[in-house]
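A closer look at the structure
Residue strings, one per chain:
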Amino acid sequence: MVDWHELRERAIAAAAHAYAPYSGLFVGAAGLADDGRIVVGCNVENASYGLTLCAECGLISDLHRTGGGRLVAVVVVSRDGNLLNPCGRCRQLLYEAGGVGCAVNETTTVAELLPGAFGPDDLQSKSER
Ligand code: THU
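Quick look at the structure, then. (Residues numbered from 1 in each chain as written. Predicted model: local features only at pLDDT ≥ 70, side-chain atom pairs only at ≥ 80, totals over all residues. Heavy atoms only, no water.)

**A closer look at helix 1 (residues 4–15)**
Just so we agree on the cut-off: Here a helix means four or more residues in a row that DSSP labels H or I, a strand means two or more in a row labelled E, and each is numbered from the N terminus. What a helix is expected to span follows from its residue count: subtract one and scale by 1.5 Å. Burial classes: relative accessible area under 20% of the type maximum marks a residue as buried, over 50% as exposed, and values in between as partly exposed (1.4 Å probe, protein chains only). In this context, the arc is that of the directions from the helix axis out to the C-beta atoms. It only takes one pair of heavy atoms within 4.5 Å for two residues to be counted as in contact. As used in this structure description, the phrase polar contact means that two N or O atoms lie within 3.5 Å; if the pair is within protein, one of them must be able to donate a hydrogen and the other to accept it, and residues adjacent in sequence are counted only when both atoms belong to side chains.
Given a rise of 1.5 Å per residue, twelve residues ought to cover 16 Å, and the 16 Å separating the end C-alpha atoms of helix 1 matches this to within 8%. Among all positions in helix 1, only Trp4, Leu7, Ala11, Ala14 and Ala15 are buried. The buried residues of helix 1 all sit within an arc of 100 degrees when viewed along its axis, so they share a single face. Looking at the buried residues of helix 1, the elements they touch are strand 1 (27–33), strand 2 (38–42), strand 3 (71–78) and strand 4 (103–104). For helix 1, the side-chain oxygen to backbone nitrogen distance between the N-cap and His5 is 3.3 Å, and the N-cap itself is Asp3.

This is the structure in structure tokens:
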């Protein structure tokens, strides 16, 4: 059972640590790992705009730093608590860490957000050619 309220609160708390002087959009992400752990991240911008790290990047790093496992559910919010859609790149990151069944923002899944995703299985079939 996913405690969506808890995930949202943790994501809002993470957003308070965002470094977003260029866009002004402070983003927090919180994820539930398959062992019950909650992992979090915030966005970190850069004067070279394209180098910006999304909140989900920090979340994925936190997942691995604190023991690995798989993501079961994820929430992404702005500092004021509004749900945000994960960007395209981060959908791919969530696919890698959680697979198609990972729930996102309570109402959707990675399967819906990134249909027909390229993933680890595609690399496997290449090596077997
Ligand atoms: N951002 C995220 O942190 N996650 C997303 O999925 C969408 C965008 C951040 C990146 C940038 O710092 C700001 O939001 C505006 O694009």
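**Some points on the pairing of strand 3**
As a general feature of sheets, a regular strand has side chains that alternate between the two faces. Going by this rule: Pairing between two strands requires that DSSP report at least two bridges joining them. Looking down the strands as they point away from the viewer, one classifies a crossover as right-handed if the path from the first strand across the helix to the second runs clockwise.
Most of strand 3 sits out of view: seven of its eight residues are buried. Bridging between strand 3 and strand 4 involves two bridges; their strand directions are parallel. Directly across from Val74, in strand 4, lies its bridge partner Val104. Traced from strand 3 through helix 3 (residues 88–98) to strand 4, the parallel crossover comes out right-handed.

**As for the pairing of strand 1**
Burial within strand 1 is extensive, with seven of its seven residues counted as buried. Residues of strand 1 alternate between two faces, with Val27, Ala29, Gly31 and Ala33 on one and Gly28, Ala30 and Leu32 on the opposite face, all of them buried. Pairing analysis gives seven bridges linking strand 1 to strand 3, with the strands arranged antiparallel. Note on strand 3: the bridge partner recorded for Val27 is Ser78. As paired strands, strand 1 and strand 2 are joined by five bridges and run antiparallel to one another. Across the sheet, residue Leu32 finds its bridge partner in strand 2, namely Ile38. The turn joining strand 1 and strand 2, which pair antiparallel and follow one another in sequence, is formed by four residues; a positive phi near 95 degrees is taken by Gly36.

**Notes on the packing of helix 2 (residues 55–65) against helix 3**
Where we set the bar: Think of each axis as a best-fit line through the C-alpha atoms, taken over the contacting stretch in the case of a helix, with angles from 0 to 180 degrees between the N-to-C directions. Every angle not falling under 35 degrees, over 145, or within 65 to 115 is termed oblique; those three ranges are roughly parallel, roughly antiparallel and roughly perpendicular. The handedness criterion is simple: a crossing whose near helix is rotated anticlockwise from the far helix by less than a right angle is left-handed, and one whose near helix is rotated clockwise is right-handed. Following the grouping adopted for this structure description, the nonpolar residues are Ala, Val, Leu, Ile, Met, Phe, Trp, Tyr, Cys and Pro, the charged ones are Asp, Glu, Lys and Arg, and the polar ones are all others, Gly among them.
Their axes nearest at 10 Å, the elements helix 2 and helix 3 cross at an angle of 20 degrees. When the axis of helix 2 is compared with that of helix 3, the two are roughly parallel. Handedness of the helix 2/helix 3 crossing: left-handed. Residue-level inspection shows Glu56, Cys57, Ile60 and Leu63 of helix 2 in contact with helix 3, the latter providing Arg89, Cys90, Leu93, Leu94 and Ala97. Considered class by class, the residues forming the contact of helix 2 with helix 3 number seven nonpolar, no polar and two charged.

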